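The residues making up each chain are set out below.
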Amino acid sequence: MKKKMLSLAVFTLINIACFYLMPAVITDTGSAMGMLLLVVPLCCLIISVVYGALNAFNIAYPILVALVFIPTIWIYFNESAWVYSPAYGVVALIGNVIGAGIYHFRNKQSNTEI
């Protein structure tokens, strides 16, 4: 259980780095939209798939992803960006489900080889 909590913390920190460092390169409204609609969700999806593939499904993970985005609304954006918080939570949920499928497939394969 301690290992799972540590993994949850590590992957949440990776998402925090993504959410807080990537917007620093925004130069105008166009780059902000590209960042919010393409780059950040893609990173969130990839990170979530890897988390799920290593740890299976954990409902706390997408909830944490949605929550850690909220402060960026006031740091980098404005209140109209609040819709991205649940959206990134959904992206993390989808990635976590895909990763969990990989996790279970890998474990099923290793169990049948024995």
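Keep in mind the model is a prediction, meaning the values are calculated, not measured.

Caption draft 1: Quick look at the overall build of the protein. Scanning the protein from terminus to terminus reveals 4 helices and 0 strands. Principal-axis analysis of the C-alpha atoms gives the protein an extent of 55 × 25 × 20 Å. Once local pairs closer than 6 in sequence are excluded, the contacts in the protein between residues at least 24 apart make up 77%.

Caption draft 2: Region of interest: the nonpolar core. One finds Phe19, Cys44, Tyr61, Val65, Phe69 and Tyr88 to be the most contacted residues of the largest nonpolar core, which totals 21 residues. When residues of this core are traced back to their parent elements, those giving at least two are α1 (2-21), α2 (29-55), α3 (60-75) and α4 (84-112).

Caption draft 3: Structural view of the packing of aromatic side chains. Evaluation of the coordinates by the stated rule reveals 8 aromatic pairs. Seen from their ring centres, Phe11 and Tyr51 are 5.4 Å apart, and the 70° between their planes marks the pair as edge-to-face. Linking Phe11 in helix α1 with Tyr51 in helix α2, this pair joins segments that are 40 residues apart in sequence. For the pair Phe11 and Tyr51, one class covers both residues: buried.

Rules behind the numbers
Residues numbered from 1 in each chain as written. Predicted model: local features only at pLDDT ≥ 70, side-chain atom pairs only at ≥ 80, totals over all residues. Heavy atoms only, no water. Helix = DSSP H or I, 4+ residues; strand = E, 2+ residues; numbered from the N terminus. Contact = heavy atoms within 4.5 Å. Core = buried A, V, L, I, M, F, W, Y, C linked by side-chain atoms within 4.5 Å. Buried < 20%, exposed > 50% of the residue type's maximum accessible area, 1.4 Å probe, protein only. Phe/Tyr/Trp six-rings, centres within 6.5 Å; stacked < 30°, edge-to-face > 60°.

Don't take any of this as a statement about function, it's just geometry.
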